[in-house]
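Inside the fold
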Amino acid sequence: MPGTELFGAEERKEIMDVLETGMLFRYNHDQQRNGIWKAREFEAEVRKITGAKYAHAVSNGSAAAAVAMAASGVGAGDEVIVPPFTFIATIEAVLFIGAIPVFAEIDETLCLSAEGIEKVITPKTKAVCLVHMCGGMADMDAIMNVIKKHNLVLVEDAGQAFASSYKGISTGLFGTAGSYSFDFFKIATAGEGGIFVTNDENVYKLADAYSDHGHNHVGHNRGMEQHPVLGFNYRISELHAAVGLAQTRKVPQIREANRKHKKALTEILSKTEGISFATIADPDGDSATFLNLLLPDTESAKRTVDEFNKAGIGGFNYWYTNMYHFINQWDHLKEMRTASKLPVELLGSPQDYANLYLPKSQEVVGRLISFGIRCTWTDEEVKALANNIATCVKKAMLAATV
Ligand SMILES: *Cc1c(COP(=O)(O)O)cnc(C)c1O
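Residues numbered from 1 in each chain as written. Predicted model: local features only at pLDDT ≥ 70, side-chain atom pairs only at ≥ 80, totals over all residues. Heavy atoms only, no water.

To continue, consider the site of the ligand. The ligand sits among 14 residues. The nearest are Gly61, Ser62, Gln160, Asp183 and Lys186. Between the ligand and Asn60 there is a distance of 3.4 Å, counted from an oxygen atom to a side-chain nitrogen or oxygen. Contact with the protein chains removes 94% of the 380 Å² of surface that the ligand exposes when unbound. Of the residues belonging to the shell around the ligand, the class tally is 3 nonpolar, 8 polar and 3 charged. (Near = heavy atom within 4 Å. Polar contact = N/O pair within 3.5 Å; in protein donor to acceptor, adjacent residues only side chain to side chain. Areas by Shrake-Rupley, 256 points an atom, 1.4 Å probe, with all protein chains shown as cover. Nonpolar A, V, L, I, M, F, W, Y, C, P; charged D, E, K, R; others polar.)

Put into structure tokens, the structure is as follows:
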């Protein structure tokens with residue numbers, strides 16, 4: 001979680017600007033706020049890094065994903081193709097806008113594959129919600145071909161891929177709309193926050209209104225503003241935006257450090273038998289927040305995890321058994337345990353979520369171990385970690401041959 005490693009004077013300064021005026025609300029009150037507009041500045045900084053024409057800050061990345069889908073016209077009864085490997089927020093966003101998640105296979109990019117998407121298309125498929133996992137990106141050329149061929153809406157949950165790109169284009173900007181998360185675990189944090197991005201003015205206007213009870217934000221009298229659509233409250237506060245702003249300014253520096261560390265780790269570990277790496281569709285665009293190791297099979301990955309634990313090596317994720325990132329543990333979804341009835345329960349799904357057959361995703365996630373890269377590591381720490389990882393993997397591989 002690199003952003004949080006660099007929390008300091010810059011974040012405090014931005015927060016103090018807000019506290020001095022007491023204007024914690026992002027809209028209106030022009031006199032009282034004395035020129036302080038942190039949400040706007042946060043959005044401008046995100047536009048600068050991503051090249052997005054429009055960016056809109058909201059309360060969190062889950063909300064940003066839901067807003068991206070709603071503003072792209074995805075809603076009740078629409079089938080949305082999603083990956084089985086993602087933070088559960090993606091699936092919740094689809095369900096709570098009233099749409100129907102349809103799971104497709106991922107590949108070694110850790111993201112949906114073009115082939116996987118094509119296999120689950122039905123006449124009711126409206127959209128693909130592509131998730132760029134672990135700081136990397138999907139194989140966009142192949143995916144855009146499928147999107148165009150079948151005339152689908154593309155929405156990107158780039159929740160954990162802010163500042164990553166594919167062939168010079170930021171993740172989040174390939175489809176109609178995209179989203180980033182600025183929660184505590186991402187490359188930059190706002191405490192809680194999310195950003196919606198698009199290059200389409202109409203989609204932006206819809207998102208802007210939808211995320212604030214329909215307000216069109218024209219004029220100086222909030223109570224008299226027009227409301228082109230019904231919406232909800234997904235607003236960010238000025239305090240959170242202030243933190244997000246200071247953190248976003250640090251992202252180029254964080255990304256550079258991450259890349260350097262990831263390169264060093266990769267160089268050392270590529271010499272270790274049993275270790276390969278997740279595919280990075282465009283290595284030049286990697287935000288390098290994770291080093292993603294692929295072991296030969298699930299069993300050797302599990303043994304490697306045991307060796308890491310025995311050796312006291314932390315800082316890694318074995319997503320295969322994670323409760324929130326992989327479908328195997330999503331029994332609440334499989335049994336449709338909900339607080340109140342969702343549209344999918346009335347409309348039905350083309351898939352039985354309790355009995356999905358996704359062998360490729362099972363294989364890839366079973367083999368995957370991801371290390372979070374820290375931007376503040378020293379070269380010595382990087383080397384020591386690489387050697388420790390190599391030692392553990394060697395032990396785990398030996399155990400296989402006994
Ligand atoms: C973190 C994350 C989210 C959710 O973001 P929050 O800000 O925690 O709501 C959504 N999608 C993905 C892929 C994420 O990694």
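From this point, the discussion proceeds with the structure in view.
One number sums up the size of the second largest pocket: a volume of about 410 Å³. For the lining of the second largest pocket, the secondary structure elements donating two or more residues are helix 4 (38-50) and helix 9 (201-210). The residue inventory of the lining of the second largest pocket, partitioned by class, reads 6 nonpolar, 7 polar and 7 charged. (1 Å grid on protein atoms, 1.4 Å probe; cavity = no way out; pocket = protein on both sides within 12 Å on 5 of 7 lines; lining within 4 Å. Points joined across faces, edges and corners; volume = space filled by probe spheres on them. Helix = DSSP H or I, 4+ residues; strand = E, 2+ residues; numbered from the N terminus.)

Moving on to the packing of helix 5 (residues 61-71) against helix 9. Packed helix pairs are specified by the crossing angle of their axes together with the interaxial distance, meaning the distance between the axes. It is the contact of helix 5 with helix 9, at a shortest axis distance of 9 Å, that shows an interaxial angle of 130°. Relative to helix 9, the element helix 5 is oriented oblique. Relative to helix 9, helix 5 is oriented so that their crossing is right-handed. Residues Val67, Ala70 and Ala71 of helix 5 lie in contact with helix 9, whose contacting residues are Val203, Leu206, Ala207 and Tyr210. Each residue belonging to the contact of helix 5 with helix 9 can be placed in one class, and the counts come to 7 nonpolar, no polar and no charged. (Axes fitted to C-alpha atoms, helices over the stretch in contact; angles between N-to-C directions. Parallel < 35°, antiparallel > 145°, perpendicular 65-115°, else oblique. Left-handed = near helix turned anticlockwise from the far one by under 90°. Contact = heavy atoms within 4.5 Å.)

To continue, consider the sheet that holds strand 2 (residues 79-82). Pairing is mixed across the open sheet formed by 7 strands, whose spatial order is 1-9-8-5-4-2-3. Strands at the two margins of the open sheet, each flanked by one partner only, are strand 1 (54-58) and strand 3 (100-103). Each neighbouring strand pair of the sheet contributes to a mean axis angle of 25°, computed without reference to strand direction. Note that strand 8 (residues 177-181) and strand 9 (residues 194-198) share 4 bridges and pair antiparallel. Of the residues in strand 9, the one forming a bridge with Ser179 is Phe196. Against the sheet, helix 4 touches strand 1, strand 8 and strand 9, its axis set at about 135° to strand 1. Contacts from helix 5 reach strand 1, strand 2, strand 4 (125-131), strand 5 (153-157), strand 8 and strand 9 within the one sheet, and its direction differs from that of strand 8 by about 175°. (Pairing = 2+ DSSP bridges.)

As enumerated under the stated definition, the model contains 29 salt bridges in all. A salt bridge links Arg249 to Glu41, with the shortest nitrogen-to-oxygen separation between them at 3.2 Å. Of the two residues, Arg249 is situated in helix 10 (residues 238-249) and Glu41 in helix 4; the sequence distance between them amounts to 208 residues. Looking at Arg249, the relative accessible area reads 40%, which means it is partly exposed. A relative accessible area of 32% places Glu41 in the partly exposed class. One network of salt bridges, in which partners are shared, links Lys13, Glu14, Asp17, Lys38, Glu41, Glu45, Lys48 and Arg249. (Salt bridge = Lys/Arg side-chain N within 4 Å of Asp/Glu carboxyl O. Buried < 20%, exposed > 50% of the residue type's maximum accessible area, 1.4 Å probe, protein only.)

With antiparallel pairing, 4 strands are arranged side by side in an open sheet as 10-11-13-12. With one partner strand each, in any of the chains shown, strand 10 (276-277) and strand 12 (316-317) form the two edges of the open sheet. In the packing of helix 12 (residues 298-311) onto the sheet, the strands contacted are strand 12 and strand 13 (368-372), and the crossing angle to strand 13 comes to about 35°. Packing against the sheet, helix 15 (residues 359-367) makes contact with strand 10, strand 11 (290-294) and strand 13, and its axis sits at approximately 45° to strand 13.

With that settled, the discussion passes to the nonpolar core. Grouped together as the largest cluster of nonpolar side chains are 75 residues, with contacts concentrated most on Met69, Val80, Phe85, Phe103, Ile369, Phe371 and Ile389. Per-element tally for this core: the top contributor is helix 5, with 8 residues. Per-domain counts for this core show at least three residues from each of domain 1 (2-250) and domain 2 (252-399). Ranked by size, the runner-up nonpolar core spans 25 residues in total, among them Phe42, Ala55, Tyr180 and Leu245. (Core = buried A, V, L, I, M, F, W, Y, C linked by side-chain atoms within 4.5 Å. Domains from an automatic or database assignment.)

The next subject is helix 2 (residues 9-21). Taking 1.5 Å as the rise per residue, helix 2 with 13 residues should run 18 Å; its terminal C-alpha atoms sit 19 Å apart, in good agreement. For helix 2, every residue scored as buried is listed here: Glu11, Glu14, Ile15, Asp17, Val18 and Thr21. Taken around the axis of helix 2, the buried residues stretch over an arc of 145°, which confines them to a single face. Of the surrounding elements, those touching the buried residues of helix 2 are helix 3 (30-33), helix 4 and helix 10. Just past helix 2, the residue Gly22 takes up positive phi, approximately 75°. (Expected span 1.5 Å × (residues − 1). Arc of directions from axis to C-beta.)

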